[in-house]
Structures are given as structure tokens and as C-alpha cells.
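The residues making up each chain are set out below.
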Amino acid sequence: MFRYEILFLTVPEITKDESEAIKSHFVKVIRAHKGTLISFDRWGKYRLAYPVNKNDYGVYFLTRFDVEKEEKVQLLEALKEIFVFKFNTLITKHIVERLDENASLEYRRPDSLEDSPQDVDTFLKRHDMEGLLKKGPIRKTFENRERSQDSDSLDGEDLGDAKPEVRKAAFVGKDAKKQSETKNEENLDYDEEN
Amino acid sequence: MTKKIKLKISARLLKKKFRKKTALSKKQCRFTNNPDMIHDLNFKNAVLLSKFLTERGKILPSRISGNSNKYQRLVAQEIKKSRIMALLPFCATEY
């Protein structure tokens, strides 16, 4: 008894019917050679490390099956026909790997684009760029209440449709406020020392 | 005056000791101590393998990663497999 796994890469525009067609061919060939299919997993869409056939994205599939020793070579050749000739336009890359029979079938894979949430904050956290994250809500003390109200009124405006001149003005206004605050704090410090 | 001289000597000695420690400290292989981690060492697990690459996409030497000779060979094999499947880059550049 031999256990194999095949990982293959397809074009990103693959539909459900096409993937099922590949699977049905796969099952048919394995049954003809007296093997058993263990699993046929769709990993999902990924961004590739380098472009393959001018595609930046791709979809991975992982298959595992058992074969008897006598039919091993013939089955692998038959499967190669599927990958290389039959679905030539869909499948771009494939790799065959032999597994131990006693080893567990669990494995780890990188997160696909479909699984992972596409928020900016999670992306920054994952790539160790927490300095760029927005700071949390300001503590509501008596001193900070007035500031928070002012900042809320500025943030609430819809700056998307406004002209760039208006945007600049808003930023300048924020900076000026910050500067004024810092100046006030410095003055307070000096007063205390004096 | 005596206090000042003592301080100077101690600072120099401390620097010497620090240099010796950094030179002698050996890096430990992360696979020999954790047998569970060997199961994860696979060409499909590109997240773990990317820790053994430089920014440019080259394989890190074992004198920097601290792997033992046995596992350094395994890591290199798996990285080359996952490069073929476009999970890891041959040469990391923006495209």
C-alpha cells in the first residue's frame, strides 16, 4: 500500500463546474486502478509569490489517495495525463509527494484570501506594523472631554466628496489645534515651576 | 577621587564581560528540542518556512538560524519544493 498526495495550482477564474469535472475525472481514474480516494480539498484563492502564466493569483487543490504496489506506476502516469494534457488550460503546476502510512493526515497551510479578513487593522497587526494603527478611544476625563468633542465634530465631516483644498484646510485646522494644546501645556508647566 | 577611579575600571570590565558573553552564547536548534514541530516542517506550511528566508528570499545559513545540520538540510529541501509551487519566492521583488 502506498499513500500519495498531489498539490496542484489552477487559474484564478476556475468555476465550480470545472473543479467538479476535475474531481470526477480524478475519481474515475483512481477507481479504474483499484485505489481509494482519501480527500479532495480546495484551499482557496491565493496571491502567488511570482506570476505564473501571467496570473498574479491562483487556486490550490490538495488530493490524497491510496494505491496498491502493482498499480502504482500506471496510476501515476494516468494522473499525469489529466494534469498535463486533459486540463491543460486550467491546471498550471502540480507536485506529487509520497506520505507515510502511519503519519497523521493533519497539515497546516497558509491562510487564503477568502479566509482572512481584509481589514487594514488586522493586516497591520499581522505584519508587525502596530505603530501605524489608530490609537484607541481617548479616556473620558474631565480635561479630555472638550478636546474629544471638538475632534469628533471634525471627523464626522464627509471629506470624500470635498475638494482637496478643503481637505488641506481641515488638516491645518487640526494641526493648529494640536500645536495650541501643546503650547498651553508648556505654559502650564512653566507656571507650576515658577 | 578614589571613587571615580573605581567606577572607570568597573565600566571597562563590564564591557569586556559583555563582549565575552555575546561571543560564547550558542544558538539552539528549534527542531531538536521540539519533536512536535518536525511534523509541521512541510512544503505546504509556507508560514513556518518563511522564517528561514532573508528579506530578499534567500535561504538563511544555519549559523544565523541556529538549525542543526540534519534539520537545515530538511528545511532547505522543503523551501525548494514550495518555491516550485509558487508559495515562496525564488527572488523576493515587487512585481
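In this text, all values refer to a predicted model and were calculated from it rather than measured experimentally.

Next up on the list: the interface of chain A and chain B. Note: interface size is frequently given as the accessible area lost on complex formation between the parts. Of the residues lining the interface, 25 residues belong to chain A; the matching set on chain B comes to 17 residues. When the two sides are added together, the surface that chain A and chain B hide from each other amounts to roughly 1800 Å², 63% of it contributed by carbon and sulfur. For the chain A face of the interface with chain B, the top three residues by lost area are Ala-49, Tyr-50 and Arg-108 of chain A, together amounting to 30%. At the boundary of chain A and chain B, one finds three salt bridges. As a salt-bridge pair, Glu-97 of chain A and Lys-81 of chain B come within 2.8 Å of each other at their nearest N and O atoms. Our enumeration of links across chain A and chain B arrives at nine residue pairs in polar contact (both at pLDDT 80 or more).

A word on the environment of Ser-104 of chain A. Examined against the element boundaries, Ser-104 of chain A turns out to sit in the loop between strand 4 (91-99) and helix 3 (120-126). At a separation of 3.4 Å, a polar atom in the side chain of Ser-104 of chain A contacts the side chain of His-39 of chain B.

As a general point, the strands of a sheet are linked pairwise by backbone hydrogen bonds and lie either parallel or antiparallel. Residue and element names in this part refer to chain A. An order of 2-3-1-4 is seen for the four strands of this open sheet, with the pairing classed as antiparallel. The two strands at the open ends of the sheet, each matched to only one other strand, are strand 2 (36-52) and strand 4. Direction aside, the axes of adjacent strands within the sheet are offset by 20° on average. Pairing between strand 2 and strand 3 (residues 55-67): 11 bridges, direction antiparallel.

What follows concerns the nonpolar core. Membership of the largest hydrophobic core comes to 27 residues, with the highest contact counts inside it found for Leu-7 and Tyr-60 of chain A together with Phe-31, Val-75, Ile-79 and Met-85 of chain B. Only strand 1 (2-10), strand 2 and strand 3 of chain A together with helix 3 (46-49) and helix 5 (69-84) of chain B provide two or more residues apiece to this core. The element best represented in this core is strand 2 of chain A, accounting for six residues. With sequence-adjacent residues up to four places away left out, Tyr-60 of chain A is seen in contact with Leu-7, Phe-8, Leu-9, Asp-41, Arg-42, Trp-43, Gly-44, Tyr-46 and Leu-48 of chain A together with Met-85, Ala-86 and Leu-87 of chain B. Counting residues in each nonpolar core, the second largest holds 23 residues, with Ile-6, Ile-22, Phe-26 and Ile-82 of chain A among its members.

All names here are of chain A. Along the chain, the position of His-33 falls in the loop between helix 1 (16-32) and strand 2. Within polar-contact distance, the side chain of His-33 engages the backbone oxygen of Val-29 at 3.0 Å. His-33 has contacts with Glu-71, Gln-74, Leu-75 and Ala-78, leaving out every residue within four places of it along the chain.

Moving on, we come to the pattern of salt bridges. Oppositely charged side chains can form a pair if their charged atoms are brought close together. Residues and elements named next belong to chain A. If you walk through the whole model with that rule in mind, you get seven salt bridges over all chains. Between Glu-5 and Arg-64 there is a salt bridge; the shortest N-O distance is 3.0 Å. Remark: Arg-64 occurs in strand 3 and Glu-5 occurs in strand 1; sequence separation between them is 59 residues.

Calculation notes
- Residues numbered from 1 in each chain as written.
- Chains lettered and ligands numbered in written order.
- Predicted model: local features only at pLDDT ≥ 70, side-chain atom pairs only at ≥ 80, totals over all residues.
- Heavy atoms only, no water.
- Contact = heavy atoms within 4.5 Å.
- Buried area = accessible area lost by both parts, 1.4 Å probe.
- Salt bridge = Lys/Arg side-chain N within 4 Å of Asp/Glu carboxyl O.
- Polar contact = N/O pair within 3.5 Å; in protein donor to acceptor, adjacent residues only side chain to side chain.
- Helix = DSSP H or I, 4+ residues; strand = E, 2+ residues; numbered from the N terminus.
- Pairing = 2+ DSSP bridges.
- Axes fitted to C-alpha atoms, helices over the stretch in contact; angles between N-to-C directions.
- Core = buried A, V, L, I, M, F, W, Y, C linked by side-chain atoms within 4.5 Å.
- Buried < 20%, exposed > 50% of the residue type's maximum accessible area, 1.4 Å probe, protein only.

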